[in-house]
Amino acid sequence: MVGILIVAHSEQLASGVKEFADQATHGQVPIVAIGGAIDGSLGINAEAIRDGLHRIASDDGVLVLVDFTSAALSVEAVLEDEPAMRVVISNAPLVEGAYLAAVEASVGATLEETAAAALRARDLMKVHPEHRQRFR
Amino acid sequence: MGEGHTGSKIMEERVVKIRHPLGLHARPAADFYRKTREFRSRITVRNITRRSSVELPVSLLNLLQLGASQGHQVLIRAEGEDEREAVAALAALLDQLAAEE
């Protein structure tokens, strides 16, 4: 099964997204949340990202969801030393993307299908058309 | 649309009332979508309580965008070899999810 790595600048943010995705999939998908700098402040910890990738790496691959660009850059830097790992970094919004990807992975989707599901989060309309007068 | 052989419908459909307090969102939507993947029939959903809602093929994204809140009526349609089983299982799942709350 495809694994999902959540990388955010805050440990609480990463854990919260994992909690949500875990509930939606009844814990069936390997999901690891990495957040915060080494000292616990807001930031990115490259070694924690590397450890996280190793915990869920498999032949099926890993989809990485990030909060901001610098998180994606850190993951890319780690992957330069891990050429054998099958990893895709998603451009999807973090919360919706992690949710859609986790559910898709839970029904046996491939890494490519899981990545495509996450990206669909960019088209998600959260305000129903009937309430459009309040939509911005 | 019509009927094929006498007595054999070419489509199965049922209107179900959403009783889950959170509506068909987040976790219930994920459970519903995962259940649809167990069947081969083509499955669509429409929120008939919302006048602007159209019939949509089942995907997780479409389910989230149905805007199906508690009390709304949702039309589930399935067409294919296991259409009866699919609609029955999906209606039963919605009841089960509501009962678990």
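The following refers to the structure shown. (Residues numbered from 1 in each chain as written. Chains lettered and ligands numbered in written order. Predicted model: local features only at pLDDT ≥ 70, side-chain atom pairs only at ≥ 80, totals over all residues. Heavy atoms only, no water.)

### Quick word on the sheet that holds strand β2 (residues 42–47) of chain B
Residue and element names in this part refer to chain B. Taken in spatial order, the 4 strands make up an open sheet running β1-β4-β2-β3, and their pairing is antiparallel. Looking along the sheet, the strands with just one partner apiece sit at the ends: β1 (12–17) and β3 (56–57). Where β2 and strand β4 (residues 73–79) come together, 6 bridges link them in antiparallel fashion. Among the inter-strand pairings, Ile43 is bridged to a residue of β4, identified as Ala78. Packed onto the sheet, helix α3 (residues 83–100) meets β1, β2 and β4 and runs at close to 5° relative to β1. (Pairing = 2+ DSSP bridges. Helix = DSSP H or I, 4+ residues; strand = E, 2+ residues; numbered from the N terminus. Contact = heavy atoms within 4.5 Å. Axes fitted to C-alpha atoms, helices over the stretch in contact; angles between N-to-C directions.)

### Description of helix α2 (residues 46–56) of chain A
Among the residues of α2(A), those classed as buried are Ala48(A), Ile49(A), Arg50(A), Gly52(A), Leu53(A) and Ile56(A). Measuring from the side-chain oxygen of the N-cap residue of α2(A) to the backbone nitrogen of Glu47(A) gives 3.1 Å; that N-cap residue is Asn45(A). (Buried < 20%, exposed > 50% of the residue type's maximum accessible area, 1.4 Å probe, protein only. Polar contact = N/O pair within 3.5 Å; in protein donor to acceptor, adjacent residues only side chain to side chain.)

### Section: the packing of α2(A) against helix α3 (residues 69–79) of chain A
All names here are of chain A. Taken N-terminus to C-terminus, the directions of α2 and α3 make an angle of 65°; their axes are 9 Å apart at the nearest point. Crossing hand, α2 versus α3: right-handed. Contacts from Ala46, Ile49, Arg50 and Leu53 of α2 reach α3 at Ser74, Val75, Val78 and Leu79. The residue inventory of the contact of α2 with α3, partitioned by class, reads 6 nonpolar, 1 polar and 1 charged. (Left-handed = near helix turned anticlockwise from the far one by under 90°. Nonpolar A, V, L, I, M, F, W, Y, C, P; charged D, E, K, R; others polar.)

### Section: helix α1 (residues 11–24) of chain A
Counted at 1.5 Å a residue, the expected span for α1(A) with its 14 residues is 20 Å, and the 20 Å between its end C-alpha atoms agrees. Every buried residue of α1(A) is accounted for by Ala14(A), Val17(A), Ala21(A), Asp22(A) and Ala24(A). All buried residues of α1(A) lie within an arc of 160° about the axis, which places them on one face of the element. α1(A) presents Gln12(A) and Glu19(A) as exposed residues on the side facing more than 90 degrees away from its buried surface. Turning to α1(A), the residues buried within the fold contact β1 (3–8), β2 (31–35) and α4 (94–106) of chain A together with α1 (26–36) of chain B. (Expected span 1.5 Å × (residues − 1). Arc of directions from axis to C-beta.)

### Looking at the pairing of strand β3 (residues 62–66) of chain A
Residue and element names in this part refer to chain A. The element β3 is largely enclosed, with a buried count of 5 among its 5 residues. Of the two faces of β3, the one lined by Val62, Val64 and Val66 and the one lined by Leu63 and Leu65 are each fully buried. With 5 bridges joining them, β1 and β3 adopt parallel strand pairing. Each bridged residue has a counterpart across the sheet, and for Val7 the counterpart in β3 is Val66. Across 3 bridges, the pairing between β3 and strand β4 (residues 87–89) is parallel. Bridge pairing in β4 places Val62 opposite Val87. Tracing the backbone out of β3, into α3 and back to the parallel element β4 gives a crossover that is right-handed. (Right-handed = clockwise from strand over helix to strand, strands pointing away.)

Interpretation note: all reported values are geometric properties and have no functional meaning in isolation.
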